[in-house]
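Overview (structure and organization)
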Amino acid sequence: MGSSGQVSWKLEDHPSLPKGKTIALIVLDGWGEYKPDEYNCIHVAQTPTMDSLKQDAPEKWRLIRAHGKAVGLPTEDDMGNSEVGHNALGAGRIFAQGAKLVDLALASGKIYEGEGFKYISECFEKGTLHLIGLLSDGGVHSRLDQVQLLLKGASERGAKRIRVHILTDGRDVLDGSSVGFVETLENDLAKLRENGVDARIASGGGRMYVTMDRYENDWDVVKRGWDAQVLGEAPHKFTNAVEAVKKLRESANDQYLAPFVIVDENEKAVGPILDGDAVVTFNFRADRMVMLAKALEYQDFDKFDRIDRTSGEYLVHNGVRTFACSETVKFGHVTFFWNGNRSGCFNPEMEEYVEIPSDVGITFNVQPKMKALEIGEKARDAILSRKFDQVRVNIPNGDMVGHTGDIQATVVACKAADEAVKMIIDAIEQVGGIYVVTADHGNAEDMVKRNKSGQPLHDKNGNLQILTSHTCQPVPIAIGGPGLAAGVRFRNDVPDGGLANVAATVMNLHGYVAPSDYEPTLIEAVNN
Ligand SMILES: O=C(O)[C@H](O)COP(=O)(O)O
Ligand SMILES: [Mn+2]
Ligand SMILES: [Mn+2]
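Each chain carries its own residue numbering, running from 1 in the direction its sequence is written. Lettering of chains starts at A and numbering of ligands starts at 1, both following the order in which they are written. Only residues with pLDDT of at least 70 are given local features in this predicted model, and only at 80 or more are side-chain atom pairs given and counted; all residues enter the totals for whole chains, interfaces and linings. In computing side-chain values, all of the structure's heavy atoms are included and hydrogens and water are not.

By the naming in an unreviewed UniProt entry, the chain goes by phosphoglycerate mutase (2,3-diphosphoglycerate-independent) and is assigned to Hibiscus sabdariffa. Looking at the chain in UniProt, the text filed under Cofactor (unreviewed entry) is "Mn(2+)". UniProt positions are given in the numbering used here, feature names are shortened, and annotations may be inferred rather than shown by experiment. Taken from UniProt, the Pathway (unreviewed entry) comment for the chain reads in full: "Carbohydrate degradation; glycolysis; pyruvate from D-glyceraldehyde 3-phosphate: step 3/5."

Digging into the nonpolar core
Generally speaking, soluble globular proteins have nonpolar side chains that are buried together. Residues Leu28, Ile395 and Val437 are the most contacted members of the largest nonpolar core, which totals 68 residues. By definition, residues are in contact when any of their heavy atoms lie within 4.5 Å. Not counting residues within four places of it along the chain, the set of residues in contact with isoleucine 395 comprises Ile26, Val27, Leu28, Asp29, Ala372, Ala417, Ala420, Val421 and Ile424. Remark: nonpolar core denotes a set of buried residues (Ala, Val, Leu, Ile, Met, Phe, Trp, Tyr, Cys) joined through side-chain atoms within 4.5 Å. Buried means the residue's accessible area, taken with a 1.4 Å probe over protein chains only, is under 20% of the maximum for its type, while exposed means over 50%, and partly exposed covers the values in between. Listed in part, the 44 residues of the second largest apolar core include Leu129, Leu144, Val164 and Leu185.

What to know about the site of ligand 1
Consider each residue's heavy atoms; a residue with any of them within 4 Å of a molecule or strand counts as near. As a structural note, the neighbourhood of ligand 1 is formed by 17 residues, with Ser82, His141, Arg171, Asp172 and Arg288 the closest of them. Whenever two N or O atoms come within 3.5 Å, that pair is a polar contact, provided that in protein one can donate a hydrogen and the other can accept it, and provided that, for residues adjacent in sequence, both atoms are side-chain atoms. Here an oxygen atom of ligand 1 sits 2.8 Å away from a polar atom, N or O, in the side chain of arginine 207. Between ligand 1 and histidine 333 there is a distance of 3.3 Å, counted from an oxygen atom to a side-chain nitrogen or oxygen. Residue burial considers only the protein chains on display, and all accessible areas are found by Shrake-Rupley using a 1.4 Å probe. Across the complex, the protein chains shield 100% of the 310 Å² of accessible surface that ligand 1 would expose by itself. The site holding ligand 1 turns out to be the largest cavity. Here a cavity denotes a set of grid points, spaced 1 Å apart and computed over the protein atoms alone, in which a 1.4 Å probe fits but from which it cannot get out, and a pocket denotes an open set meeting protein on both sides within 12 Å along at least five of seven lines; residues with an atom within 4 Å of a point are reported as lining. A molecule is counted as occupying a cavity or pocket when more than half of its atoms fall within 2 Å of that pocket's grid points.

Let's talk about the coordination of the manganese ion (ligand 2)
Each metal's donors are the N, O and S atoms within 2.8 Å of it, or within 3.2 Å when it is Na, K or Ca, and because water is not part of the set, sites may look incomplete. Protein coordination of the manganese ion (ligand 2) is provided by Asp29 (OD), Ser82 (OG), Asp440 (OD) and His441 (NE2), with donor distances spanning 1.9 to 2.2 Å. Between the donor residues of the manganese ion (ligand 2), the gaps in sequence give the motif D-x52-S-x357-D-H. Metal-to-metal, the separation of the manganese ion (ligand 2) and the manganese ion (ligand 3) is 4.3 Å. Residue aspartate 29 is found in the loop between strand E1 (23-28) and helix H1 (41-44), and its partner aspartate 440 is found in the loop between strand E12 (434-439) and strand E13 (475-480); the two are separated by 411 residues along the sequence. Using a relative accessible area of 0% as the deciding quantity, one classes aspartate 29 as buried. A run of H or I in DSSP becomes a helix once it reaches four residues, and a run of E becomes a strand once it reaches two; helices and strands are each numbered from the N terminus.

Side note on unusual backbone geometry
For glutamate 216, which is not glycine, the phi torsion reads 55° and is therefore positive. Looking at where glutamate 216 falls in the secondary structure, it is placed in the loop between strand E5 (198-206) and helix H8 (219-231). Taking relative accessible area as the criterion, glutamate 216 reaches 40% and is therefore assigned partly exposed. A positive phi angle is found at arginine 386, which is not glycine, with a value near 55°. Of note, arginine 386 is situated in the loop between helix H14 (372-384) and strand E11 (390-395). Classification of arginine 386 as exposed rests on a relative accessible area of 53%.

Focus on the environment of tyrosine 518
Checked against the element boundaries, tyrosine 518 lands in the loop between helix H17 (502-509) and strand E15 (523-525). A relative accessible area of 6% means that tyrosine 518 is categorised as buried. Sequence separation between tyrosine 518 and leucine 464 is 54 residues, and the spatial gap between their C-alpha atoms is 43 Å. When residues no more than four places from it in sequence are discounted, the contact partners of tyrosine 518 are Gly90, Ala91, Gly92, Arg93, Arg309, Thr310, Ser311, Tyr314, Ala503, Ala504 and Met507. Here the side chain of tyrosine 518 touches alanine 91 through a polar contact of 3.5 Å, landing on its backbone oxygen. A distance of 2.5 Å separates a polar side-chain atom of tyrosine 518 from the backbone oxygen of arginine 309.

Some points on the side chain of threonine 211
As for its placement among the helices and strands, threonine 211 is situated in the loop between E5 and H8. Those residues in contact with threonine 211, other than ones at most four positions away along the chain, are Leu167, Val221, Val222, Gly225, Gln229, Arg288, Met289 and Leu292.

Observations regarding the layout of surface pockets
Grid points are joined across faces, edges and corners, and a volume is the space filled by probe spheres set on the points. Its volume calculated, the second largest pocket comes out at about 580 Å³. Every residue lining the second largest pocket is counted, 20 residues in all, and those nearest its centre are Lys449, Leu467, Ser469, His470 and Cys472. Under the scheme applied, nonpolar residues are Ala, Val, Leu, Ile, Met, Phe, Trp, Tyr, Cys and Pro; charged residues are Asp, Glu, Lys and Arg; polar residues are all the others, including Gly. Partitioning the lining of the second largest pocket into residue classes produces seven nonpolar, seven polar and six charged.

A short note on empty space enclosed by the protein
Taken as a whole, this structure holds five cavities of 30 Å³ or more when the rule is applied. Here the largest cavity is characterised by a volume of approximately 80 Å³. What lines the largest cavity is a set of 14 residues, and nearest its centre among them are His141, Arg214, Arg285, His403 and His470. Considering only enclosed or pocket space, the second largest cavity measures out at about 60 Å³ in volume. Lining the second largest cavity we find Leu25, Leu89, Ser311, Gly312, Leu315, Trp338, Gln390, Arg392, Val502, Ala503, Val506 and Met507. Of all the secondary structure elements, the ones that give two or more residues to the lining of the second largest cavity are helix H11 (311-317), E11 and H17. With four residues, the top contributor of residues to the lining of the second largest cavity is H17.

Looking at the coordination of the manganese ion (ligand 3)
On the protein side, the manganese ion (ligand 3) has Asp399 (OD), Asp399 (OD), His403 (NE2) and His470 (NE2) as donor atoms, found 2.1 to 2.3 Å from it. Note on geometry labels: four donors, all angles 85 to 135 degrees, give tetrahedral; four donors become square planar and six octahedral when opposite donors are over 155 degrees apart and every other angle is between 65 and 115; remaining cases are irregular. Here the manganese ion (ligand 3) is ringed by six donor atoms whose angles at the metal span 57 to 165°, and the overall shape comes out irregular. All donors of the manganese ion (ligand 3) come from a single chain, and their spacing in sequence reads D-x3-H-x66-H.

Thoughts on the packing of aromatic side chains
Aromatic rings from Phe, Tyr and Trp, with only the six-membered ring used for Trp, were paired whenever their centres fell within 6.5 Å, and each pair was classed as stacked if the ring planes differed by under 30 degrees, edge-to-face if by over 60, and tilted otherwise. Within the structure shown, the criterion is met by seven aromatic pairs. Centroid distance tyrosine 314 to tyrosine 518: 6.0 Å. Interplanar angle 80°. Geometry classified as edge-to-face. Placement of the pair is tyrosine 314 in helix H11 and tyrosine 518 in the loop between H17 and E15, with a sequence separation of 204 residues. As far as burial versus exposure is concerned, tyrosine 314 and tyrosine 518 are alike and both buried. Measuring from ring centre to ring centre gives 5.6 Å for phenylalanine 336 and phenylalanine 337, while their planes differ by 40°; the resulting arrangement is tilted. Accessibility classification places phenylalanine 336 together with phenylalanine 337 in one group, the buried group. Linked through ring pairs, Trp9, Tyr314 and Tyr518 together constitute an aromatic cluster. Sitting over the ring of tyrosine 512, lysine 19 keeps its end group 4.6 Å from the ring centre. Note that arginine 224 overlies the ring of tyrosine 209, its terminal NZ or CZ placed 3.7 Å from the centroid. The criterion for a charge sitting over a ring is simple: Lys NZ or Arg CZ within 6 Å of the ring centre, and within 35 degrees of the ring normal.

What follows is the structure in structure tokens.
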């Protein structure tokens, strides 16, 4: 951001709360609060640790908002996600998020005035404009309506040959919905062709198997996409994308569709990426596009930083030594997202970020315990070493297994997450510290699609409609531990508190007052 020079980093002392307590900050990924029925895996699972946090100290447990406007998304219908959740947790303020910024830029036409559009329009005369991204209306990484506007806008401004490389979703939206999204896109492309623009789908594949890996967990995923998108090579060839998706769905869910390319009557791929072409990734969320961007030789991704003065940066300037840990698939969430989409430590002498390698080549319902216990152990050791003032983790299970739609496995996942929380809280007990347990958005607490009155929905064959996506439910936050000063409790005058209120709360627990433009703290210290 380059603004750091002018900022006064010194935080005021908190009037009553002491410094020097070890704080464990635990983020349960995909762990919301919802009515207790058989599709609420958190309720079904044995979670004695989380249950006791709720029951034993009512003044130190509450719900906070984790979706919609509370995390900077366009509407209250937008479910939460890891990026916006961890951004809000770490930044302590609410920033307009990618989805909203792209909406605004498309509506005002500003998107066509920037350097980026000028650069890609250089290819409009002789080359091809390639659009690559997640094709759904999930609103987590991308939105179909934005792609539609971009296609229209680019062709009106001179793009003559357009190829779309689609990634099917089924993770932020219902499994099976990709067929409809491809049909919609095909209709739009047909209209463009009627107007003389040579516009077609060129390749595709399921997001979790093709292209959209993150944090360098598995480069093979990106390679499969590269082969289809750049080289025009894939194990499956079709002349029509709707047909491709329908056929490949016979052996995989939308998330995992095999890569395919669209070919002409001579079996020749219709849209490999060639020198002189332009490529636009239409996902507004960066985590699952960074690897592709690197492969395409984009380098300066730090230029996209927008979120400044995060709580992590303040705390480091005030001497708070920090340890952050998760397994690969969520590692960037407690580091990169937490620090406002910024890579690396602020001060390596005071921070240690530890990544535990995730299992690769499996879907997480096969190993629903994931690396929860390993994360718990690393956090425990960091706490007991007394080398750190803040030990921050993300425990992925509720989310990663919840996304598979496998209810039984998600119950096992929630139990494992609860055990990891216990391990960390026990260590905090030993060092006289404080714990803060929360989550970034809902997922595992509701595994079915429901009607307006909350009844589970079935498809036309009578099968339950499984919800693989996140939810709009609030998430819990609990504080406690021997280091928590007597009389500290949640205030009752912040009823709409959300994830962005957590940063000021944690700063207080470290003995500091948050900057005045941070969302207010959730706690007060009353004299007994
Ligand atoms: O990228 C993903 O896995 C999903 O779209 C959203 O999950 P996350 O926001 O929990 O990462
Ligand atoms: Mn998440
Ligand atoms: Mn998720």
